[in-house]
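Chain by chain, the residues run as shown.
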Amino acid sequence: MEIHFWGATRTVTGSMHEIQHAGKRLLLDCGLFQGRRSEARDRNCCFPFSASAVDQVVLSHAHIDHSGNLPNLVKQGFRGPIHATAATQDLCRAMLADSAYLQERDADFLNRRRDRRKRLMPNYQEQLVEPLYTSVDAENTFPLFAPLPMNGSLDLGDGLTVETVEAGHMLGSVCMRLTDGKVRLGFSGDIGRKNLPIIRDPQEMLACDYLIMESTYGDRFHQDEGAVLDKLADVVNRTAARGGKIVVPSFAVGRTQQLVLLLNQLAQADRIPNIPIFVDSPLAVNVTQTFRKFSNLFDAETAKMLAGDAKGDVFGFSRLRYIKDVADSKALNDIRGPFIVISASGMCEAGRVVHHLRNTIADPRNTVLITGFQAENTLGRKILDKWPEVPIFGDMIRLRAEVAKINELSGHADQRELLEWLQPIAKGLKKIFLVHGESKQQEVLQKVIQEAYGVEVVIANRGNIFRLD
């Protein structure tokens, strides 16, 4: 068995690891790389292998940085099965369709801007932008989805078996173990945390010889999650008092539903003013339906809330409105504050939130509330780092709005939680490969793991190949 590392190496995006076994090729994840536009374009367009030579894909979960380049893989000739849990399949259908739409719309926007500039400057040389993939490519991907059991095993053929346990990161997410009778290779996917809203806690990992492990928060510790309601209420009250708008860039899957649940609690307790709350994302609307469908995967606390809700719906309350139409989304920019708008994407790289940011960040009455990890070189990271000006659609916009941050909702385990997750299997490990983390975080976690458990830890680089015996 060989591992070829192609994505999420010294970065948190573009998860993709190739496994070669018995003359066959399998991909663990096929995620979209997010970052500088030109680099992202090159990484996502060009696979380091022939797509038609890949035999099958196994997905850890539905987040775009783990699943978002599947339509491009299919576009370039992949025809094998894509194994995913039932919830992951449902989420991917909505998310990949939305991603394709955004690819098409953003390409159209940039090309129209190019045409305007070319009319003003005849020598303007910017090239036409083609979408990475289209809605048709996304539609061609969906028939390839195949079952992957939650807390079960699946025969992948050629003597290879995959076994899964609950990862606790998002709805339908799994950690997995590949076995061929000789070698046991674990893949953490993204490791969740205990006591997060909605999602069940991560389960104990299966014993492995080798482990591909995420390291997103390998150098830091989350604060007490009990403070999240207080912090959220404080941001809302502070901004509303000055008549401002609160723009919340949010991942449409998981994070948006968590925020809605928390705002519902604050509203019911009269801890925030009676202001409108909008979820402006067609994807979030569709995904929320999937959450309702798979309520059997909720944790005990959310299940109890669901049982006590008269409508049986913890994702809807009187002052909340879900926005699907583009016209209604644009109309939000004409409404005076205070109000809250939750909109995708979580790293501010595409979608409606970019337009909301363009229209709000220059006003000091407003607040941008960051609730998730922001990868290097993304617009979200630049806002979080409080650049004086940030680039939006090719223009530099002054950042005068308040920038607030709530880390407690992170779906990624911190250093302490990673070590606790690793502890039951550490003694039997020959080697750990760190992925899905920036270099600083990985180097700290590498040292901590080696000191705590005495196991060899390798920080994977793009293109690294390891043979497992």
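Because the structure is a prediction, the values reported are computed rather than measured.

Calculation criteria
Residues numbered from 1 in each chain as written. Predicted model: local features only at pLDDT ≥ 70, side-chain atom pairs only at ≥ 80, totals over all residues. Heavy atoms only, no water. Helix = DSSP H or I, 4+ residues; strand = E, 2+ residues; numbered from the N terminus. Rg over C-alpha atoms; globule rule 2.2 N^0.38 Å. Buried < 20%, exposed > 50% of the residue type's maximum accessible area, 1.4 Å probe, protein only. Areas by Shrake-Rupley, 256 points an atom, 1.4 Å probe, with all protein chains shown as cover. Expected span 1.5 Å × (residues − 1). Arc of directions from axis to C-beta. Phe/Tyr/Trp six-rings, centres within 6.5 Å; stacked < 30°, edge-to-face > 60°. Axes fitted to C-alpha atoms, helices over the stretch in contact; angles between N-to-C directions. Parallel < 35°, antiparallel > 145°, perpendicular 65-115°, else oblique. Left-handed = near helix turned anticlockwise from the far one by under 90°. Contact = heavy atoms within 4.5 Å. Nonpolar A, V, L, I, M, F, W, Y, C, P; charged D, E, K, R; others polar. Pairing = 2+ DSSP bridges.

Draft legend 1. Up close: the overall build of the protein. Looking only at helices and strands, the protein features 14 helices and 22 strands. A globule of 469 residues ought to have a C-alpha radius of gyration of about 23 Å, and the protein, at 22 Å, matches this closely. With the C-alpha coordinates of the protein rotated into their principal frame, the extents come out at 65 × 60 × 40 Å. Expressed as a percentage of the 469 residues in the protein, the buried residues total 59%. Carbon and sulfur atoms make up 48% of the accessible area of the protein, which amounts to about 18700 Å² in all.

Draft legend 2. Representation of helix α14 (residues 439–453). Over its 15 residues, α14 runs 21 Å from end to end, which matches the ideal 21 Å to within 8%, given 1.5 Å per residue. What α14 keeps buried is the set Gln 441, Gln 442, Leu 445, Val 448 and Ile 449. Buried residues along α14 cover an arc of 135° about the axis, so they all sit on one side. In α14, those exposed residues whose orientation departs by more than 90 degrees from the buried face are Lys 440, Lys 447 and Glu 451. Residue Gly 454 follows α14 closely and has a positive phi angle near 70°.

Draft legend 3. Spotlight on the packing of aromatic side chains. Counted by the stated rule, this structure contains 9 aromatic pairs. Between Phe 5 and Phe 433, the ring centres sit 5.5 Å apart and the planes meet at 50°, which makes this aromatic pair tilted. With Phe 5 in strand β1 (residues 2–5) and Phe 433 in strand β20 (residues 431–435), this pair connects stretches of sequence that are 428 residues apart. Exposure class is identical for Phe 5 and Phe 433. Each is buried.

Draft legend 4. Layout of the packing of helix α13 (residues 415–426) against α14. Where α13 meets α14, the axes come as close as 11 Å, and the angle between the chain directions of the two elements is 40°. By the angle between their axes, α13 is oblique relative to α14. Note that α13 runs across α14; the crossing there is right-handed. Contacts between α13 and α14 involve Gln 415, Leu 418, Leu 419, Leu 422, Gln 423 and Ala 426 on the former and, on the latter, Val 444, Leu 445, Val 448, Ile 449 and Tyr 453. Its residues placed into classes, the contact of α13 with α14 shows 9 nonpolar, 2 polar and no charged.

Draft legend 5. View of the side chain of His 17. Secondary-structure assignment places His 17 in strand β2 (residues 17–21). Setting aside its immediate chain neighbours within four residues, His 17 contacts His 4, Phe 5, Gly 7, Leu 26, Leu 27, Leu 28, Asp 29, Phe 187, Ile 212 and Val 435.

Draft legend 6. Representation of the sheet that holds strand β7 (residues 153–157). Strand order in the open sheet formed by 7 strands is β7-β8-β9-β10-β11-β20-β21, with mixed pairing between adjacent strands. What marks the edges here is a single partner per strand, and that holds for β7 and β21 (456–459). Averaged over all adjacent pairs, the angle separating strand axes in this sheet is 20°, with direction ignored. When strand β9 (residues 174–179) meets strand β10 (residues 184–187), the two strands line up antiparallel, connected through 4 bridges. Across the sheet, Leu 178 pairs through a bridge with Leu 185, a residue of β10. On top of the sheet, α13 reaches β9, β11 (210–214) and β20; it is set at about 170° to β11, its chief contact. Seen against the sheet, α14 touches β11, β20 and β21 and runs at an angle of roughly 170° to β21.

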